[in-house]
Every structure is written in structure tokens, then in C-alpha cells.
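Structural overview for review
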Amino acid sequence: MAITLITGAIKSGKSEFAERKALIHEKLTYIALSQSHPEDEHWQKKIKLHKSRRPSRWEVLENDDLLYIFKNVSGPLLIDSIGGFVVKNINKDDNKWKKNLLQLMKCLSEYKSDIIIVGEQVGWGLVSEYKIGNIYIERIGEVLRDITNISNDNWLTINGKAIKLDNIFCDI
């Protein structure tokens, strides 16, 4: 079992890179971790682009409840993206958030097959003037740091390029 984490900014190539890495698996479950938002034309264009790159042999689950998914799937996974877990838990108080985050880490650590996780890097810009924006920024940073600590393979995508972080980092 290996956990690969691929992070980056919007349009950095993280999903495409994750999909390429996942091609080694004959069978794979692609977790589209969001709601479909059929009324959002821009979102629908993004979904269409992602769908066009996926092999037909992959099973696709569109669901925003990652903890439920872990109880009901097996085999290699590609989770795109972990920000959906944060959004699902955005209105939870800090105690419930911590409980769900610990449960996620347990699910990831105990999973019996390979997992590729796409994650959004969002904390490099301005601080949001909105409370919910700051909660998202802090929680996505927390979940990415925790996943990095249990991952075997950590990547950062920038401008269509991928950097293997495991080769150039020092622990903080």
C-alpha cells in the first residue's frame, strides 16, 4: 500500500499528473470528491475536461462523503480532490473537525491498496476577509500536512511541472 499526495495551485496540472500516475493500475476507483453543481456552467466544463482524460476502465464515484466511501470501496483509489473533504466539514465545530480528520487519517493509514490524492495549495496568497475562507485555508493546510506525514510519495505541481518533494525537503 502506498499513498501518493499531489498538491498544487489551480490549473497547475495536479489532476492531470495524478491521472497519469494512476494509469499503472488496470482497475481503479476515481473519487470525484464534490457535488456536481449542474447549474454551474464553469464547473461543468471542468468536469467534462476531467472526464475526457479518464480511461473507461476506471470506476468513477461522484460523492462528497469520503469517510463513507472508505467503508464501501476496495482496490486502488484516485481522490480528486481532498478539498472536498474540507468543504464537507467546513461548518463543523473544531472538535468535530478534529474527530473527522483523525478518522480520515486512520482510513488512509489502514487502507489496503494504493491511494493517489490530489490536494489544493491555497495558503500562499492573501488572507480571506471572510471567516469561512480562513477556515477553509487553515483546514486544507492541516489536512495536507497530516497526509504528507503518512504519504510515501509527495509531489508539488507548478505551471504544468511536477517537483518530487521527498527528494528536496527537511522536516519542520
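Numbers given for residues are sequential positions, taken from 1 along each chain in its written order. Predicted model: local features are reported for residues with pLDDT of at least 70 only, side-chain atom pairs are reported and counted for 80 or more only, and whole-chain, interface and lining totals are derived from all residues. Values shown for side chains rest on all heavy atoms present in the structure; no hydrogens or waters enter the calculation.

**With respect to the packing of aromatic side chains**
Basically, it comes down to this: Stacked, edge-to-face and tilted labels apply to pairs of Phe, Tyr and Trp rings (six-membered ring for Trp) whose centres lie within 6.5 Å, assigned for plane angles under 30 degrees, over 60, and everything in between, in that order. We count a stretch as a helix when DSSP gives it H or I for four or more residues in a row; a strand needs E for two or more, and each element gets its number in order from the N terminus. Any residue under 20% of the maximum accessible area for its type is buried, any over 50% is exposed, and the rest in between are partly exposed; the area is computed with a 1.4 Å probe on protein chains only. A ring is considered to have a charge above it if a Lys NZ or an Arg CZ atom is located within 6 Å of its centre and within 35 degrees of its normal.
Under the defined criterion, the tally for this structure stands at four aromatic pairs. Ring geometry for Phe70 versus Tyr111: centroids 5.5 Å apart, planes at 75 degrees, classification edge-to-face. Here Phe70 is found in helix H3 (residues 66-72), whereas its partner Tyr111 is found in the loop between helix H5 (94-110) and strand S5 (115-120), with 41 residues between them in sequence. Here Phe70 matches Tyr111 in class, with each residue buried. One residue, Arg54, lies across the ring of Tyr30, its end atom 3.8 Å from the ring centre.

**A closer look at the nonpolar core**
The cut-off we apply is this: Take the buried Ala, Val, Leu, Ile, Met, Phe, Trp, Tyr and Cys residues and link them wherever side-chain atoms come within 4.5 Å; each set so joined is a nonpolar core. Working rule for contacts: check all heavy atoms of both residues, and any pair within 4.5 Å makes them a contact.
Grouped together as the largest cluster of nonpolar side chains are 29 residues, with contacts concentrated most on Phe70, Ile82, Phe85, Leu104 and Val143. Contributions of two or more residues to this core are made by strand S1 (3-8), H3, strand S4 (77-80), helix H4 (83-88), H5, S5 and helix H6 (131-150). With six residues, the single largest contributor to this core is H5. Discounting residues that sit within four places of it in the chain, Val143 has contacts with Ile82, Phe85, Val86, Trp97, Leu101, Leu104 and Met105. Counting residues in each nonpolar core, the second largest holds twelve residues, with Leu28, Ala32, Ile116 and Trp155 among its members.

**Looking at the pairing of strand S7 (residues 161-164)**
Consecutive side chains along a regular strand alternate between the two faces of the sheet. For clarity, the cut-off: Think of it this way: DSSP has to see at least two bridges between two strands before they count as a pair.
Where strand S6 (residues 153-158) lies against S7, four bridges are found, and the strand directions are antiparallel. Across the sheet, Thr157 pairs through a bridge with Ala162, a residue of S7. Between S6 and S7, which pair antiparallel in sequence order, lie two residues; one of them, Asn159, sits at a positive phi of approximately 50 degrees.

**Points about unusual backbone geometry**
In this structure, the amide linkage connecting Asp80 to the following residue, Ser81, adopts the cis form with an omega of 5 degrees. Structurally, Ser81 is set in the loop between S4 and H4. Positioned with a positive phi, Lys11 is a non-glycine residue whose angle comes to about 65 degrees. Phi is positive for Asn159, which is not a glycine, with a value near 50 degrees. Following the sequence through the fold, Asn159 ends up in the loop between S6 and S7. A relative accessible area of 69% means that Asn159 is categorised as exposed.

**Let's talk about the sheet that holds S7**
Pairing between the strands of a sheet comes from backbone hydrogen bonds, and it takes one of two forms, parallel or antiparallel. Rules: Only the stretch in contact is used when a helix axis is fitted, and all axes are lines through C-alpha atoms; the angle between N-to-C directions ranges over 0 to 180 degrees.
With mixed pairing, seven strands are arranged side by side in an open sheet as S3-S2-S4-S5-S1-S6-S7. Because the sheet does not close on itself, it has two edges, and the strands there are strand S3 (59-62) and S7. With strand direction ignored, the average angle separating the axes of adjacent strands in the sheet is 20 degrees. As defined by bridge partners, S1 adjoins S5 across six bridges and the pair is classed as parallel.

**Details of the layout of surface pockets**
The rolling of a water-molecule-sized probe over the atoms marks out the regions of remaining empty space. The criterion, for reference: Here a cavity is any set of points on a 1 Å grid over the protein atoms alone where a 1.4 Å probe fits but cannot get out, and a pocket is any open set with protein on both sides within 12 Å along at least 5 of 7 lines; a residue lines the site when it has an atom within 4 Å of a point. Grid points are joined across faces, edges and corners, and a volume is the space filled by probe spheres set on the points. Classification used: nonpolar for Ala, Val, Leu, Ile, Met, Phe, Trp, Tyr, Cys and Pro, charged for Asp, Glu, Lys and Arg, polar for all others including Gly.
Quantified by volume, the second largest pocket comes out at close to 700 Å³. Of all the secondary structure elements, the ones that give two or more residues to the lining of the second largest pocket are S1, H6 and S6. It is H6 that contributes the most residues to the lining of the second largest pocket, seven residues altogether. Residue composition of the lining of the second largest pocket, grouped by class: twelve nonpolar, seven polar and four charged.

**Here's the deal with the pattern of salt bridges**
Convention followed: Each reported salt bridge corresponds to a side-chain nitrogen of Lys or Arg within 4 Å of a carboxyl oxygen of Asp or Glu.
Scanning the model with the defined rule gives ten salt bridges in all. Taking the shortest distance from any N to any O, the salt bridge between Asp94 and Arg139 comes out at 3.2 Å. One end of the pair, Asp94, is in helix H5; the other, Arg139, is in helix H6, with 45 residues separating them in the sequence. Classification of Arg139 by relative accessible area gives buried; the value is 6%. Among the charged side chains, a salt-bridge network with shared partners connects Lys21, Asp153, Lys164 and Asp166.

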